[in-house]
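Working through the structure, step by step
Chain by chain, the residues:
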Amino acid sequence: MRIQLDFGAVLAEWPLLLTGIGWTLALTAAAVLVGTALGIACAWVRARGFGAELAPRWLQVVVGGYVELIRNTPFIVQLFFIFFGLPAAGFKLSAETASFIAMVINLGAYATEIIRAGLEATPKGQIEAAVSLALTRLQTFTRVVLPPALQKIWPSLVSQIVIVMLGSSVCGQISTQELSYAADLIQSNNFRSFEAFIVVGVLYLLLSFAVRHLLNWAGATFLFGRR
Amino acid sequence: MTLSLNKRTFALALATSALLAATGAHAQTALDDILKSKVLKVAVQTDSAPYGFVGTDLKPIGLDVDMANLIGKKLGVPVELVVVVSASRIPALQTKKADLVIATLGKNPEREKVIDFSSAYSPFFQAVFGPKNIAVKSFADLAGKSVGVTRGAMEDQELGKVAPAGVDTKRFEDNNATIAAFTAGQVQFVALGASVAGNMMTKNPQLSAEYKLLLKDSPNFIGIAKGEDKFKAKVNEIIADAKKSGELEAMAKKWLGRSLGDLPL
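Residues numbered from 1 in each chain as written. Chains lettered and ligands numbered in written order. Predicted model: local features only at pLDDT ≥ 70, side-chain atom pairs only at ≥ 80, totals over all residues.

Scanning chain B from terminus to terminus reveals 10 helices and 13 strands. Per-residue burial over chain B gives 43% buried out of 265 residues. (Helix = DSSP H or I, 4+ residues; strand = E, 2+ residues; numbered from the N terminus. Buried ≥ 20, exposed ≤ 12 C-beta atoms within 10 Å, placed from the backbone.)

Next comes the structure, spelled out in structure tokens:
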């Protein structure tokens, strides 16, 4: 059989591809905003020198269990549990909501450990300085500790976010119309699987570059300033 | 700059055409290749009982597997089963992972553009199934309802043709995921092959699901790579013989509990 590439047949389905890009970006954006916030909260609970001495014991156990559970199970199992398993317990979620929740809890767990590393790297003197300036605990955390901590770990957090974005390709399995779903649908309509996956592969590559640069810029601009 | 770019493009074009030439010299040899390598690779599914599913010894069994073994026996070569899902059946042929696809494969014009089909070997139909308490008289009644379907399966394409604009079609990777979505209540209806749906309903009586609308009566064909006419003629000969000798009828009785019926050539 002769291999003839026909990208036209795939590109003609551009509305599907566009919808796919839209969903992939929307899921990623939601996961970044909520997942990072969740990560910061959980990192505070787990970090020694901050919440680990203040947070109640049960909360530490819950957060610790959450982090271990998510970091030691595959994403697709978490997704299927939420989509196929939870309805048995009475929580019926749409494919999109299930995908969103799965991505948030997944990123949240990884972000927890990444951010915790940043928090624990804060020099003791800085906290003592803040206390001697009569800053409250909350002020110390949000103004003195968090910005430099985020700055230190930002590259690893951005990498994790990109991994989660690429991981969203699994969400197509439960009929969320993200980019891989578009590729699968296109190739099952016209059997141009090679071309469809080349096109989508290139699109993922571009999306990853774009997201990485956007986040590097956004972090420096809104969270911790440029060095 | 322009020159170096042109050079590179030229080199790439040269490499590509060499690749095409290498892969192009490959017509009409499938049958000889199989007889020479002494193995017949057959793509089957394991998520569409009773045609193809996993038996108690964790090996694929079913009508399609019997059919694969029958063809292997007649060709005098052992059969190697390649397990595929619905959407990867045709790519398995295109990428030569399999010589034949025997996996409840229906025939339609879109598929005929990329692969060839043997004569039909077993009966099959697709339909929409749903709960007894939602009345559905025609496809128009499905508007505003969610229907689960296996992506790339015949049901997907047939549903696309007849479903009104308001239908929320949810596509899943394989029959198991589609059924899981229905049993979990994630979709209100499912479009499935009749036998698969039959199994689902027997195993889940609590769903009180029933047959709603016929999508298509579509017997199963064996998929063969495009242009392998010699191989196709051989497979057709085996099917015709098996039909005459009653072997196909016995297979249908054994797995489907029904007669072969009238199968198109």
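Our next topic: the overall build of chain A. Check the secondary structure of chain A and you find nine helices and zero strands. Ordered by position from N to C terminus, the α and β elements of chain A give α-α-α-α-α-α-α-α-α. Overall, the C-alpha framework of chain A stretches about 75 × 45 × 25 Å when taken along its three principal axes. For chain A, buried positions account for 41% of its 227 residues. For chain A, contacts bridging at least 24 residues in sequence account for 76% of all contacts bridging at least 6. (Contact = placed C-beta atoms within 7 Å.)

This part is about the sheet that holds strand S1 (residues 40–45) of chain B. Residue and element names in this part refer to chain B. Read from one edge of the open sheet, five strands run S5-S1-S6-S13-S7, paired in mixed fashion. With partners counted over all chains shown, the strands left at the sheet margins are strand S5 (79–84) and strand S7 (115–122), one partner each. Adjacent strand axes in the sheet meet at a mean angle of 25°, parallel and antiparallel pairs treated alike. As defined by bridge partners, S1 adjoins S5 across six bridges and the pair is classed as parallel. (Pairing = 2+ DSSP bridges. Axes fitted to C-alpha atoms, helices over the stretch in contact; angles between N-to-C directions.)

What follows concerns the interface of chain A and chain B. Taken together, the contact between chain A and chain B spans 16 residues of the former and 22 residues of the latter. Elements with a minimum of two residues in the side of chain A that touches chain B: helix H4 (75–85) and helix H8 (179–190) of chain A. With three residues, H8 of chain A is the largest single contributor of residues to the side of chain A that touches chain B. Residues belonging to the side of chain A that touches chain B are distributed by class as follows: nine nonpolar, four polar and three charged. (Nonpolar A, V, L, I, M, F, W, Y, C, P; charged D, E, K, R; others polar.)

Turning our eyes to something else, we now look at the sheet that holds strand S4 (residues 60–61) of chain B. Residues and elements named next belong to chain B. In space, the three strands of this open sheet follow the order S2-S3-S4, with antiparallel pairing throughout. Two strands bound the open sheet, and with one partner strand each, they are strand S2 (47–48) and S4. The pairing of strand S3 (residues 52–54) with S4 spans two bridges and is antiparallel. Looking across to S4, one finds that Phe53 is bridged to Ile61.

Another aspect to go through is the domain arrangement of chain B. It is common to give the size of an interface as the accessible area that goes away when the parts come together. Residue and element names in this part refer to chain B. Taken as a whole, chain B is organised into domain 1 (27–124 + 219–256) and domain 2 (125–217). The straight-line distance from the C-alpha centre of domain 1 to that of domain 2 is 26 Å. Contact with domain 1, which involves 14 residues of that partner, is made by 16 residues of domain 2. Among the residues making up the side of domain 1 that touches domain 2, the classes are represented as seven nonpolar, five polar and two charged. (Domains from an automatic or database assignment.)

The next thing to look at is the pairing of strand S9 (residues 146–150) of chain B. Residues and elements named next belong to chain B. Extensive coverage of S9 is indicated by the burial of four of its five residues. Bridge analysis of S9 against strand S10 (residues 168–172) gives five bridges, and the strand direction is parallel. Note that in S10 the partner of Gly148 across the bridge is Lys170. Handedness of the β-α-β unit built from S9, helix H6 (residues 154–162) and S10 comes out right-handed. Across three bridges, S9 lies against strand S11 (residues 189–193) in parallel orientation. Across the sheet, Gly148 pairs through a bridge with Val190, a residue of S11. (Right-handed = clockwise from strand over helix to strand, strands pointing away.)

Time to look at helix H7 (residues 137–167) of chain A. Between its terminal C-alpha atoms H7 of chain A stretches only 37 Å, short of the 45 Å expected from 31 residues at 1.5 Å a residue. Taking the largest bend as the criterion, H7 of chain A deviates by roughly 60°, centred on Trp154 of chain A, and proline Pro155 of chain A comes between one and four positions later. (Expected span 1.5 Å × (residues − 1). Bend = angle between axes of the 7 residues up to and from the residue.)

The omega torsion of the bond from Ala49 of chain B to Pro50 of chain B falls at 0°, within 30 degrees of zero and hence cis. Tracing the sequence through the fold places Pro50 of chain B in the loop between S2 and S3. Backbone geometry places Ser175 of chain A, a non-glycine residue, at a positive phi of 75°. A residue is classified by how many C-beta atoms lie within 10 Å of it, and Ser175 of chain A, with 28 of them, is buried.

Residues and elements named next belong to chain A. Taking 1.5 Å as the rise per residue, H8 with 12 residues should run 16 Å; its terminal C-alpha atoms sit 17 Å apart, in good agreement. Taken across its 12 residues, H8 has 10 buried, putting it largely inside the fold. Within the span of H8, buried status applies to Leu179, Ser180, Tyr181, Ala182, Ala183, Asp184, Leu185, Ile186, Gln187 and Ser188. Following H8 by one or two positions, Phe191 adopts a phi angle in the positive range, close to 60°.

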